[in-house]
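# Geometric and topological summary
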Amino acid sequence: MPLTRSQQLATLSDLLAARREAILVAWRKLDRADPEQMTGRSLTIGQFLDHIPPILDAYELKLRSRPGGMDAQAADIEKKEEGVKHGLHRWQQGYRLKELVSECGHLQLCLFEELGNIVAAHSELEPATLLEAHRQLLHLINDTISESAGQYERMQQAEAASRAVDLMNALATVDELEQRRAALIHQAVHDLHSDVLGVSIAATQASRTGMAESDRAESAAFLQRAVQGLTSMLGELMDLARLEAGQENRAIAGFEAGALITELCDSNQPFANARNLFLKTEGPARLSVEGDADKVRRVAKNLLVNALKYTEAGGVTVGWGEEKENWWLMVKDTGPGILSGGSQPLKAGLQEATASAKESDEKSAAIKGESSQVLAATGAATVATTTPSHNQPGEGIGLSIVKRLCELLDASLEIASSAEAGTTFRVVFPRRYRSHS
């Protein structure tokens, strides 16, 4: 007796599930063969697979379910939720949007070929069954791209939305994205205005006649600090503008990461001493890697200087090391953790993305009897009701620069933060690059 259409789809779902590992291996191989797909090459197998296995679970459940039934609805919900997590994770890993969309296309090709092979090998499955499976596959990939890319876009604007809308809605709400950009500009203008005002006050005081020499010296020192702060802010705004405009390229060459970071820490030791903070280093003296040494130094310097600047007591530990195809840099402070202010949405988004990465990487690592290296959450983000000294002008701009540099270097940026344990940043760089471009 011939199988009904529902029975054929259920059979196809089971056969597809049995081929899961082969499909995922073929997907990674196809993605790595694409010369435009650079970022995924530096990921472990668990980090690359990410939330795709649960998305395939939802697809198989959809094939087995009665149209419109409870299981079908649950499958739709699951694939949307996992699509959001996938976009969040890929943003945190430093993927470009084109890479995210392309890897979804590669997955579709692998599933398409596998479905055809299964039906060809099983005569009880009719062509109409394959047609329905293809239709559901198109829905799956379309929904995955919409949710994943939509969340990626929102996270790129540091809005850290908890739920995603589909891609068309995200693209339609251009004004929302512009508001985020305007908020960043407004913050920068406010910070610049504060520095300019400080310069003006100090200059006026220093020029007064009959002023005590000690007061004049104090005003002159304040004037110098204000001018330095203003110059630094303008420089950071220029750096961010060039990065966002795509005007910076990476120059890949071999260099000694251990020596670079050690030299950077040594040069900042006087700053730590002046603030009565410790500055420790933990890592091998020699660590030969490929990369853009100048941009790696900028990432490390930004994280280190900010950690020293915003830590009131204790100090900062800078570590580095290697793992398989990657090497990592870690900057850990004993400061107050994530606080309110201009940079908080971006920090909170990075912390949420890191937690999502930890979740998926732990599952894959457990299967192989290994441990996940992704940062573990240290507690909920602390949101202050006032503006403490940690929330300094330009902090959000500096972190945005780090995130853009990480994207340029195919590096992932992780963060774990709490009021009790302070903040830890971990940047994972490729140990080698496929091409020097």
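Residues numbered from 1 in each chain as written. Predicted model: local features only at pLDDT ≥ 70, side-chain atom pairs only at ≥ 80, totals over all residues. Heavy atoms only, no water.

The next thing to look at is the overall build of the protein. Looking only at helices and strands, the protein has 14 helices and seven strands in total. Split into buried and exposed, the 437 residues of the protein put 49% on the buried side. Of the contacts made within the protein by residues no fewer than 6 positions apart, 77% connect residues no fewer than 24 positions apart. Accessible area of the protein: about 20,400 Å², with a carbon and sulfur share of 56%. (Helix = DSSP H or I, 4+ residues; strand = E, 2+ residues; numbered from the N terminus. Buried < 20%, exposed > 50% of the residue type's maximum accessible area, 1.4 Å probe, protein only. Contact = heavy atoms within 4.5 Å. Areas by Shrake-Rupley, 256 points an atom, 1.4 Å probe, with all protein chains shown as cover.)

A word on the packing of aromatic side chains. For the structure on display, the rule yields two aromatic pairs. Measuring from ring centre to ring centre gives 4.5 Å for Trp27 and Phe48, while their planes differ by 35°; the resulting arrangement is tilted. Linking Trp27 in helix α2 (residues 20–33) with Phe48 in helix α3 (residues 45–49), this pair joins segments that are 21 residues apart in sequence. The pair formed by Trp27 and Phe48 is uniform in burial state, with each residue classed as buried. Between the aromatic rings of Trp327 and Phe429, the centroid separation amounts to 4.6 Å while the plane-to-plane angle is 20°, which identifies the pairing as stacked. With Trp327 in strand β5 (residues 326–333) and Phe429 in strand β7 (residues 422–430), this pair connects stretches of sequence that are 102 residues apart. Per residue, the accessibility class of Trp327 equals that of Phe429, and both read buried. In this structure, Lys280 is placed above the aromatic ring of Phe278, and the distance from its NZ or CZ to the ring centre is 4.7 Å. (Phe/Tyr/Trp six-rings, centres within 6.5 Å; stacked < 30°, edge-to-face > 60°. Lys NZ or Arg CZ within 6 Å of the ring centre and 35° of its normal.)

Looking now at the side chain of His89. Looking at where His89 falls in the secondary structure, it is placed in helix α5 (residues 70–92). Leaving out residues up to four positions away in the same chain, His89 has contacts with Gln47, Asp50, His51, Ala357 and Ser360.

Across the nine residues of β7, nine count as buried, placing the element largely inside the fold. Residues of β7 alternate between two faces, with Gly422, Thr424, Arg426, Val428 and Pro430 on one and Thr423, Phe425, Val427 and Phe429 on the opposite face, all of them buried. Note: β5 against β7, seven bridges, orientation antiparallel. Bridging from a neighbouring strand, Asn326 pairs with Pro430 of β7. Here seven bridges tie strand β6 (residues 412–418) to β7, and the two strands are oriented antiparallel to one another. The partner of Ile415 across the bridge, within β7, is Phe425. (Pairing = 2+ DSSP bridges.)

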